[in-house]
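Residue-level structure breakdown
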Amino acid sequence: MVSPGELRLLTELSEGTNEFTPETGPGGAVEYPTAERLLDDRDPDVVDVLERYGARGVLEGEFVSKVYSCPECDTQGMQYTTACPACESAHAVETTVLEHQACGYAAPESYFEDEGDLACPDCETTVREEGLSRRQQYVCKECGEVFETPEDRLWCRDCLYMFPPAETIERALYRYQITDDGREWTDRHRLAREAAADSLEERRFEVSVDTTVEGDGTTYPVHVFAEDPLMGDRRVVAIAERPTEKHVAAFRDLASDVGAHPIIITTTGAVSEEVARRAEATEVTLLSARPDGTLDSEYDVGEGAPRGQSLFQRLTSAMDVPAWKTQ
Ligand SMILES: [Zn+2]
Ligand SMILES: [Zn+2]
Ligand SMILES: [Zn+2]
């Protein structure tokens, strides 16, 4: 199913803004502000939507960068830090360490400072610069461990846990554009929506396109909502390439919540056996959108042949559901 928000987003890429660029928001979360504004609250996360249409060739993504998310709480934009290999504290800082060559004692420079001179705190002798070697080392302020190579960690700004980078969730970010196929895909779905709206208008429904309908405490975005002002009859329209049983069940629930009969338009003209069965039981009206923009009450089931006219009448009656369900 393409949601009204997703179709809006794809239309924008097809006709307006020609790309969606990732931005890092407050706290390091990844945002596609332009794309996000076009989606509805009920739509999935914008990054998931873009990735899904990217995977199916409707969008193409140009690699931008990577972000890391917390495996504990999912917060995006983890921050790099070094950590102590002994106690895992991030409070390990690079320090100049002196070693008294005569006795081998090593400690941060401040330990050797003795009223303007340098003295070895271990063998308690004053030492000259020549008797010392200096090197940069990490000193853990938490447990006192001295080490050369700290551990690499990413820490979460939200839950404050630290993880080795390999244990965090890496996500590549892309700048998205619509493909030629995607433009065609979008046009096909918008044409299907228009055909549904026109067809309902011809039947004297008052029709709204890309609108919202109030259910019992929920507002649903829908592609088409139609109401017969005299009869109080209502229709809602969903559009899917190939609706699954889950889509049908969810849309039927939506329709019942808003007191409308559900119409699902398939833009491939193909559905599974289960979906066909639900349509036959008149839980939903199933229509195919043809490439020329017309609607048809025939559709293909599984890999089989199209359903014949004996079960499904032409669109004229199909749009008049549920009157034809008893035939
Ligand atoms: Zn010493
Ligand atoms: Zn430590
Ligand atoms: Zn976290």
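Every chain is numbered on its own, with residues counted from 1 as its sequence reads. Note on labels: chains are lettered from A, ligands numbered from 1, in written order. The model is predicted, so local features are restricted to residues of pLDDT at least 70 and side-chain atom pairs to those at 80 or more, both for listing and for counting; the totals for chains, interfaces and linings are taken over all residues. Side-chain metrics in this entry use all non-hydrogen atoms of the structure; hydrogen atoms and water are not considered.

1. Here we look at the coordination of the zinc ion (ligand 2)
As a rule, N, O and S atoms within 2.8 Å of a metal are its donors, except that Na, K and Ca use 3.2 Å; water is not among the atoms, so sites may look incomplete. Protein ligation of the zinc ion (ligand 2) involves Cys-84 (SG), Cys-87 (SG), Cys-140 (SG) and Cys-143 (SG), the donor distances falling in the range 2.2 to 2.4 Å. When the donor residues of the zinc ion (ligand 2) are listed from N- to C-terminus, their spacing reads C-x2-C-x52-C-x2-C. Of this pair, Cys-84 sits in the loop between β4 (79-83) and β5 (92-100) while Cys-140 sits in strand β9 (residues 132-140), and the two are 56 residues apart along the sequence. One exposure class covers both Cys-84 and Cys-140, and it is buried. Strands here are runs of E lasting at least two residues and helices are runs of H or I lasting at least four, both read from the DSSP assignment and numbered beginning at the N terminus. Remark: exposure states derive from per-residue accessible area (1.4 Å probe, protein chains only) relative to the maximum for the residue type, with buried under 20%, exposed over 50%, and partly exposed in between.

2. Some thoughts on the side chain of Asp-228
With respect to the helices and strands, Asp-228 occurs in the loop between β15 (219-227) and β16 (234-240). Charged-residue counts in this description rest on Lys and Arg as positive and Asp and Glu as negative, His and the chain ends being excluded. The term salt bridge refers to a pairing of a side-chain nitrogen on Lys or Arg with a carboxyl oxygen on Asp or Glu at a separation within 4 Å. Within the buried set, Asp-228 has no salt-bridge partner at all; the shortest N-O distance to an opposite charge, 7.5 Å, is to Arg-235.

3. Quick notes on the sheet that holds strand β17 (residues 261-266)
At least two DSSP bridges between two strands are needed for those strands to be called paired. One open sheet accounts for six strands, arranged β14-β15-β16-β17-β19-β20; its pairing is mixed. Each end of this open sheet is capped by a strand with a single partner; those strands are β14 (206-214) and β20 (295-296). In terms of strand pairing, β16 meets β17 through six bridges, oriented parallel. Note on β17: the bridge partner recorded for Ala-240 is Thr-266. Whether two residues touch is decided by their heavy atoms; if any such pair falls within 4.5 Å, the residues are in contact. Under this scheme, a helix contributes an axis fitted over its contacting stretch, all axes are lines through C-alpha atoms, and angles between N-to-C directions fall in the 0 to 180 degree range. Across the sheet, helix α1 (residues 4-15) touches β14 and β15, and the angle it forms with β15 is around 90 degrees. Running at roughly 160 degrees to β16, helix α5 (residues 180-202) makes contact with β14, β15, β16, β17, β19 (285-289) and β20 of the sheet.

4. A closer look at the UniProt feature "domain: Thaumarchaeal output" (unreviewed entry) in the chain
UniProt positions are given in the numbering used here, feature names are shortened, and annotations may be inferred rather than shown by experiment. Those places that UniProt annotates as "domain: Thaumarchaeal output" (unreviewed entry) correspond, in this numbering, to residues 29-178. In residues 29-178, the share of helix is 13% and the share of strand is 41%. The end C-alpha atoms are 24 Å apart.

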